[in-house]
Structure formats: structure tokens, C-alpha cells
Amino acid sequence: MPVHLQIEASRGSARAGKLITPHGEVETPVFMPVGTLASVKGVSQDVLEELGVEILLANTYHLYLRPGVETVRRMGGLHRFMAWDRAILTDSGGFQVFSLNDLRKVSEEGVAFRSHLDGSSHFLSPEKATEVQIGLGADIIMAFDECTEYPADRGRVRASMELTARWAERCKNYFEAYKYEVPWEGSGQWPVVSGQDPVPSTQSLFGIVQGGMDAELRRESAARTIDIGFPGYAIGGLSVGEPRELTRDVVLSTLEHLPSDKPRYLMGVGTPEEIAQYAQSGVDMMDCVLPTRAARHGLLFTSQGKVSIKQARYAQDDGALDPACDCRVCQRYSRAYLRHLYAANELLAQVLNTVHNLHFYLTTMRTVRAWIRAGDGTGAEAT
Ligand SMILES: [Zn+2]
């Protein structure tokens, strides 16, 4: 039984429900915080639990280089290694390798690249990326794709999309052959259905739709990926430098081609406004480094807009960062104190800023879920 989506309410194109995984249920639409190296920078797992995080994302490329998949596998997989019992998703490494630019070479077989850490040579293929992800043991793993650069001419985008489709099939073949090698021992369990034999728990491999900014190639990519058959589908290849309006057009046109009964995952997108809009458009899962990365640079998202806490204007502001926010940071600390911590380069600044921004993103999604459930069955359009 793969990861599956239980849709409980819908409003227009949006749907709210639960993603059922071997490591618990996830309320959707969901924002997944990014824990690149099996750690959401600055925030411990107990605080993530308190914030209501039900699924985290970790990066295969980074974990493959450090500490290495063998270490994680011997430690029982990511869940045990990082002491996180809830769901995890790993990306395939494709996007990170794509970002290496001068350090990579793509062929039919896979991607040769040099580590950004020490310049050592490595090779990721669809089979290798899948093997690594099985060893890491996340609940949801991703097909190894080529993220097409932007801008690119149509011939290049087509060739890249077709390569991704061939790689998706190789990923699936490898996954089906080796999926029982996931290093879980008793921790990952599908809910037992009474009267039926327990189902051995395995991961779920999601396919990724590419096709650049071309609606027709996106449609073709979706059709080919669906033909191969996955328990969930992602929209990849966005946020690669294109204008925001174009991102939105591509997402909306691609969503129309994805099966309505499977989870839809939009990779690496958005501001709070954007993730709310995408969730209202029918996206179930999203991730983005923005809330955590911006927090470390003193950029905070609030109900009154963005706040750059480093500014001198906050030096003697004893108000809460966001008076409308009920997070542990806004309940306790003043803007003046947060500004002081940031200016003094205190570690606590990064911790508190990240906690608030994550809370803001998670609350944004809670609000969207309530909006969907409040309008269930009305077919009302997103406002
Ligand atoms: Zn707050």
C-alpha cells in the first residue's frame, strides 16, 4: 500500500484531507519545512513537533555527501538517525546537482558531478539516486529528474523532458526491485486493516513532471509520467529564475493534467501568499527554503507584511514581532530584543526567527485548510 491521499473536503479546485504515510497522517494541503542535512537549521525536533510539523523534507544530495548513505542506513534510516517519528520526504538530488552548474555533466546514464565540499567526483543515475533514497528511508522519495534550465529553447526543453521520462521509468524499475530493503524496523507501519494480513511497509516513489515553461510539453510530460504510474506526482523545474506570473501559469496548466485522486506536490515554491494561492488551486504539498533561509537573514513574515528585524527602527520597539501571532516567540519577546539578538549575531536570533517564520507558514496552511473545509461542496472560487 503506497502513500495515499484521503480527500475529505473540496472547494473549487482545492482539496483538504490527509496524506496517509507509514510514519503518521499529514493534514493537507501541507507546507513541508526543509531540513537539508536531516536538520531544520536552528530548530530541534521537539520544537518542530510543538509547531505541528507532520512532514519534513531532507536533501539526498547533501546527505549522500555527508554523513553518507551507509551511515544513515546503519543507524536505521533517517527517522531513527534524526529521532523524528513523523513523515519525511527526500528529493532525488536532481535539483541540487542541477544547481552545481560548472561542476556537472549530464549523459543518458546519469549525472557526473563534483562535490561542492571537497571537489571529489561522484555519479548519480536514476538507479543510484533511488538506491540512496531507499537507504535514507524517507516515507516519500522522488524520481531522479533533470531540472531544465531557464531560459531554454523548445528543442532543448523537449529533449530534457524526454530524458526525465526515461529516467522516471528506470527509477520505478529499480524501486520495485529493491523497495523492501528500506532500513525500517518496526517504526514504519501501515495502519493494520482488521481481517487483513499486515502489509509490509515500504516507501512511496513519486514521479516528477518537467517540460520547462511550455504548456504543451508539460502536458506531454504529465501524460508520460502518469503512464509509468506513481502514487503521487510532483511539478518540478520551477523557481529557476522565471517571472512569478509564469510560474503560476505553468503550475495551473500542469495541475489540470494530474490525476485528482493522487497527491500533487509543487516543489520548491513560495512566499506565504503563493503557497496559499497554490493550495487554493489544488496543490496538496509544497516545500520551500524561504521561511527558514529568510529567518536566518532577519527577514520575518508577519500578518502585517515582511519585517526586516535588523532595521534600527526596531531598536526600542517593545511590541511583539507580530501581535496577531500566537507562536512562542511573539508571545514572549519584543521586536527590540529580536533586533538586538540579530545585531549581536547571537545564535538565538536564528532560532527564534526560524520558529516564528515556520509558525507563520504552518498557520497560513491551517487557514487554507479551514477555508476549504468551510466551503466544502460549494464549488466556490478562491478569493
Ligand atoms: Zn510569531
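For every chain, the first residue of the written sequence is number 1, and numbering continues from 1 along that sequence. Side-chain atom pairs in this predicted model are given and counted only at pLDDT of 80 or more, local residue features only at pLDDT of at least 70, and totals for whole chains, interfaces and linings cover all residues. The side-chain figures draw on all heavy atoms in the structure; neither hydrogens nor water molecules are used.

## Describing the pattern of salt bridges
In step 1: Salt bridges, as used here, are contacts in which a Lys or Arg side-chain nitrogen is within 4 Å of a carboxyl oxygen on Asp or Glu. Tallied over the full model, the rule gives 21 salt bridges.
In step 2: R373 is the salt-bridge partner of E8, the closest N and O atoms lying 2.7 Å from each other. Pair noted here: E8 is in strand β1 (residues 4–11) and R373 is in helix α13 (residues 347–374), with a separation of 365 residues, a long-range link.
In step 3: For E8, a relative accessible area of 30% translates into the label partly exposed. By the criteria applied, helices consist of DSSP H or I runs no shorter than four residues and strands consist of E runs no shorter than two, each listed in order from the N terminus. Residue exposure (1.4 Å probe, protein chains only): buried if accessible area is under 20% of the type maximum, exposed if over 50%, otherwise partly exposed.

## Remarks on the sheet that holds strand β12 (residues 233–235)
In step 1: For two strands to count as paired, DSSP must find a minimum of two bridges between them. Reading across from one edge, β4-β14-β13-β12-β11-β10-β6-β5 is the order of the eight strands in this open sheet, with parallel pairing throughout. Edge positions in the sheet fall to β4 (30–32) and β5 (55–58), since each has one partner strand and no second. Strand-to-strand, the axes of this sheet are offset by a mean angle of 25°, without reference to chain direction.
In step 2: In the sheet, strand β13 (residues 264–266) pairs with strand β14 (residues 285–287) via two bridges, with the strands oriented parallel. By the bridge assignment for β14, Y265 is matched with M285. Each axis is a line fitted through C-alpha atoms, and for a helix only the stretch in contact is used; angles between axes span 0 to 180 degrees, taken between their N-to-C directions.

## Regarding the nonpolar core
In step 1: If you look at the biggest cluster of nonpolar residues, it comprises 89 residues, and the most contacted ones within it are L48, L78, V251, L266 and M286.
In step 2: Considering every element that reaches this core, the biggest residue donor is α13, with 11 residues.
In step 3: Contact between two residues is taken to exist if any of their heavy atoms lie within 4.5 Å; hydrogens are not considered. Sequence-distant contacts of M286, defined by excluding residues within four places in its chain, comprise V30, F31, M32, Y265, L266, V269, I275, Y278, A279 and M365.
In step 4: Side-chain atoms within 4.5 Å are what join buried Ala, Val, Leu, Ile, Met, Phe, Trp, Tyr and Cys residues into a set we call a nonpolar core. Residues V3, L5, L89 and I140 belong to the second largest nonpolar core, which totals 19 residues.

## Thoughts on the environment of H359
In step 1: Within the secondary structure, H359 is located in helix α13.
In step 2: Residue H359 is classed as buried on the basis of its relative accessible area, which comes to 11%.
In step 3: Separated by 10 residues in sequence, H359 and R369 have C-alpha atoms that sit 15 Å apart.
In step 4: Discounting residues that sit within four places of it in the chain, H359 has contacts with L51, C325, D326 and C327.

## A short note on the side chain of T60
In step 1: Within the secondary structure, T60 sits in helix α2 (residues 60–65).
In step 2: The contacts of T60, once residues within four sequence positions are left out, are T90, D91, S92, G93, V132, Q133 and L136.

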